[in-house]
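Chain and residue survey
Listed here are the chains, written in short residue letters.
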Amino acid sequence: MASLAAFIPGPVRTPLRKLRKAVIEQKKRSTFRSAMRKFQRTQDTRAIPKLIYGWGNAQWSALDEYLIACARAARDAEGDILECGSGLTTLLLGVVAQSKGVRVCTLEHSEPWAQRVRACLERYEIESVSIFCSPLKTYNGFQWYDPPHEASLPSRFALTICDGPPTSTTMGGRYGLLPVMGDRLKGSTILLDDAQRPEEQEVARRWSAEFGGSYRQVGIEKPYFSMAIPA
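Residues numbered from 1 in each chain as written. Predicted model: local features only at pLDDT ≥ 70, side-chain atom pairs only at ≥ 80, totals over all residues. Heavy atoms only, no water.

**Remarks on the overall build of the protein chain**
Using the following cut-off: Strands here are runs of E lasting at least two residues and helices are runs of H or I lasting at least four, both read from the DSSP assignment and numbered beginning at the N terminus. We call a residue buried when its accessible area falls under 20% of the maximum for its residue type, exposed when it is over 50%, and partly exposed in between, using a 1.4 Å probe and counting protein chains only. In what follows, residue pairs with any heavy atoms lying within 4.5 Å of each other are defined as contacts. Each accessible area is a Shrake-Rupley result for a 1.4 Å probe, and residues are judged covered by the shown protein chains and nothing else.
Within the protein chain, the secondary structure is distributed over 7 helices and 9 strands. Among the 231 residues that make up the protein chain, the fraction classed as buried is 46%. For the protein chain, the share of sequence-separated contacts (at least 6 apart) that also reach a separation of at least 24 residues comes to 64%. Accessible surface for the protein chain amounts to roughly 12,000 Å². Of this, 52% is attributable to carbon and sulfur atoms.

Set out below in structure tokens:
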């Protein structure tokens, strides 16, 4: 049977497609607002699938199990949180941190993306997050963020959520976290996303060999590494 669209004149199909897209976008925004308010009230991780849908960045958004792990780790962390790469995770960490009276410091290399995330933080009155737009810098054999002046950052982070910088466009991928920030991460935990990729597997192996500490792979649908850094 021919598709119904085949009987709709071309000049009509285009406005219909635009209307359908507008309806979907409105639904996403409404879903996100409702789920975000619920998470702010309860920190119930069952809101996370709806937040992912409403966030609308499915190509890059972390899946449920990683975001749930980040939220839970933030609740358990006894101190400030470092985040590498901003996004939906930034909002979740910010909600948890605000309830505990701790700080989230987020490094992001893209200013337009940082502005989008800042706008969401402001909209939901999340004041516990500082996003630093940090361009990627070439170090000795790798690239990583050029972090802000030392005085802008806490002397120690209890937890690091590492989902950036983009592995595909950065020499050394996410390896630079420990060479650059290692002194601030002693005795902390790192959650490294994308454990299914060879690049992240190599990063975890190098971190363990060069800086000590143990790591394990967690998750099934989109696994990640959990790594304990020695004090």
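**Regarding a positive patch on the surface**
What counts is decided by this rule: Here, patches come from residues exposed beyond 30% relative accessible area and free of salt bridges, joined within 9 Å for like charges and within 5 Å for nonpolar side chains (Val, Leu, Ile, Met, Phe, Trp, Tyr). Any carboxyl oxygen of Asp or Glu within 4 Å of a side-chain nitrogen of Lys or Arg constitutes a salt bridge here. Charge assignment in this entry is limited to Lys and Arg as positive and Asp and Glu as negative, and neither His nor the chain termini are counted. Throughout, a charge is located at the NZ atom of Lys, the CZ atom of Arg, the CG atom of Asp or the CD atom of Glu.
On the surface, a cluster of positive charge is contributed by Arg29, Arg33, Arg116 and Arg123. Listing elements by their share of the positive patch, those giving two or more residues are α1 (10-42) and α5 (111-123). By the element assignment, Arg29 lies in helix α1.

**So, the pairing of strand β6 (residues 159-162)**
Filter applied, for reference: A pair of strands is considered paired only if DSSP assigns at least 2 bridges between the two.
Of the two faces of β6, both are covered, the one formed by Leu159 and Ile161 as well as the one formed by Thr160 and Cys162. Two elements, strand β1 (residues 81-84) and β6, share 4 bridges in a ladder whose sense is parallel. Counted as the bridge partner of Glu83 is Ile161 from β6.

**Some details on the sheet that holds strand β7 (residues 189-192)**
The strands making up a sheet associate through backbone hydrogen bonding, with each pair oriented either parallel or antiparallel. Threshold: As a rule, the C-alpha atoms of each element are fitted with a line to give its axis, helices using only the stretch in contact, and angles between N-to-C directions run from 0 to 180 degrees.
In spatial order, the strands read β3-β2-β1-β6-β7-β9-β8; together these 7 strands make up an open sheet with mixed pairing. The sheet is open, and its two borders are formed by β3 (129-133) and β8 (214-218), each paired with just one other strand. Going across the sheet, the axis of each strand differs from the next one's by a mean of 15°, ignoring polarity. Sitting on the sheet, α5 touches β2 (104-108) and β3, and the angle it makes with β3 is about 165°.

**Some remarks on the side chain of Gln43**
The condition that has to hold: Here a polar contact is taken to be a pair of N or O atoms separated by no more than 3.5 Å, where protein atoms must pair a possible hydrogen donor with a possible acceptor and residues adjacent in sequence count only if both atoms sit in side chains.
Looking at where Gln43 falls in the secondary structure, it is placed in the loop between α1 and α2 (48-55). Of the polar contacts made by the side chain of Gln43, one reaches the side chain of Ser99; its length is 2.9 Å. The residues touching Gln43, leaving out its near neighbours within four places in the chain, are Lys38, Arg75, Val95, Val96 and Ser99.

**Regarding the layout of surface pockets**
Worth spelling out the cut-off: We place a 1 Å grid over just the protein atoms. Points where a 1.4 Å probe fits but has no way out form a cavity, open points with protein on both sides within 12 Å along at least 5 of 7 lines form a pocket, and any residue with an atom within 4 Å of a point lines it. Grid points are joined across faces, edges and corners, and a volume is the space filled by probe spheres set on the points. Polarity classes work like this: nonpolar for Ala, Val, Leu, Ile, Met, Phe, Trp, Tyr, Cys and Pro, charged for Asp, Glu, Lys and Arg, and polar for all others, with Gly in that last group.
Looking at the second largest pocket, its volume works out to about 250 Å³. Forming the boundary of the second largest pocket are Glu25, Lys28, Arg29, Phe32, Arg33, Gly54, Trp55, Gly56, Arg116, Cys120, Arg123 and Tyr124. Listed by contribution, the elements that provide at least two residues to the lining of the second largest pocket are α1, α2 and α5. With 5 residues, α1 is the largest single contributor of residues to the lining of the second largest pocket. Partitioning the lining of the second largest pocket into residue classes produces 4 nonpolar, 2 polar and 6 charged.

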